[in-house]
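Structural features, examined
Here are the chains, one letter per residue:
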Amino acid sequence: MSVRYEEPTTAARAVNAVVRWLAEAGVSLAGTRALQVRGRRTGLPRTVVVNVLSVGGRDYVVSPRGDTQWARNARAAGEVAVGPRWRRRRVRVVEVADAVKADLLRRYLARWYWQVKDFVGGLTPTSTDAEFRAAAATIPVFELAER
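Notes on the structure in this doc start here. (Residues numbered from 1 in each chain as written. Predicted model: local features only at pLDDT ≥ 70, side-chain atom pairs only at ≥ 80, totals over all residues. Heavy atoms only, no water.)

By the definition in use, this model includes 2 aromatic pairs. On the numbers, 6.0 Å between centres and 50° between planes, the contact of Trp 70 with Phe 142 is tilted. With Trp 70 in helix H2 (residues 69-77) and Phe 142 in strand E6 (residues 141-145), this residue pair connects regions lying 72 residues apart in the sequence. Owing to a relative accessible area of 13%, Trp 70 belongs among the buried residues under this scheme. Their ring planes at 50° and their centres at 5.1 Å tell us that Tyr 108 and Trp 112 sit as a pair that is tilted. Separated by 4 residues within a single helix, Tyr 108 and Trp 112 lie in helix H3 (residues 98-116), roughly one turn from each other. One exposure class covers both Tyr 108 and Trp 112, and it is buried. One cation-aromatic arrangement involves Arg 65 over Phe 119; the distance from NZ or CZ to the ring centre is 3.7 Å. (Phe/Tyr/Trp six-rings, centres within 6.5 Å; stacked < 30°, edge-to-face > 60°. Helix = DSSP H or I, 4+ residues; strand = E, 2+ residues; numbered from the N terminus. Buried < 20%, exposed > 50% of the residue type's maximum accessible area, 1.4 Å probe, protein only. Lys NZ or Arg CZ within 6 Å of the ring centre and 35° of its normal.)

Our focus in this paragraph is the pairing of strand E2 (residues 45-55). Here strand E1 (residues 32-38) runs beside E2; their pairing, made up of 7 bridges, is antiparallel. In the strand pairing of E2, Ala 34 is matched with Val 49. In textbook terms, the turn of a hairpin is the stretch between consecutive antiparallel strands, and for E1 and E2 this stretch comprises 6 residues, one of which, Gly 43, has a positive phi near 80°. Two elements, E2 and strand E3 (residues 58-62), share 4 bridges in a ladder whose sense is antiparallel. Paired with Val 52 across the strands is Val 61, a residue of E3. (Pairing = 2+ DSSP bridges.)

Attention now goes to the pattern of salt bridges. Counted according to the given criterion, the structure contains 14 salt bridges. For Glu 7, the salt bridge goes to Arg 13, with nearest N and O atoms at 2.9 Å. Across the salt bridge formed by Lys 101 and Asp 98, the nearest N and O atoms sit 2.9 Å from each other. With Lys 101 and Asp 98 both in helix H3 and 3 residues apart, the pair spans about one turn of that helix. Among the charged side chains, a salt-bridge network with shared partners connects Asp 67, Arg 72, Arg 75 and Glu 95. (Salt bridge = Lys/Arg side-chain N within 4 Å of Asp/Glu carboxyl O.)

On to H3, then. In this model H3 runs just 20 Å from its N-terminal to its C-terminal C-alpha over 19 residues, more than 12% under the 27 Å that 1.5 Å per residue would give. The sharpest bend along H3 comes to roughly 65°, located at Ala 110. Taken together, the buried positions of H3 are Lys 101, Ala 102, Leu 104, Leu 105, Tyr 108, Leu 109, Trp 112 and Val 116. In this structure, the buried residues of H3 make contact with E2, E3, helix H4 (129-136) and E6. (Expected span 1.5 Å × (residues − 1). Bend = angle between axes of the 7 residues up to and from the residue. Contact = heavy atoms within 4.5 Å.)

Here is the structure:
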C-alpha cells in the first residue's frame, strides 16, 4: 500500500468532534456511525466517525484521507466496535485488496463525494476505472465481518 495521509485542519477536527459526539449518541448524519478501535501503542479506545457503505449485504468502511491513525489501528487490532455507545457491536475488519477497491470507492463517492471531495486523492464519482485503480493503493478500505 502506498502511504498517503491528508491531515484534517483545525476546523475539520472541530466539526468531526461534534459529528462524532452525535454518532456516539445514536444520531446519524448522512449515514455516519461511530467506530471505536484500540490504539496500537496505548491500547486505549479511540473513536472516530465513519460512513458505512453497504454493498450486497456486506458493510465496508473507507478511510478517504489515506493511511490515518484509525486505519492503522484497525489494521493492527483486527477488530473494531461500530455503533452508538450503548449498542456497539464488535466486528472483525478485513482489509480489501486493491484490485477490488475500484467498485467500492466508486459507490462510496457516489454517496459521500460532497463530504470527502477535498481529501479523496483527487477522485470524483466520474473518475475512470484506471484512476480508481491507481488511487486504490492509497485509500484503505475495510470490510466489517462478523466475529
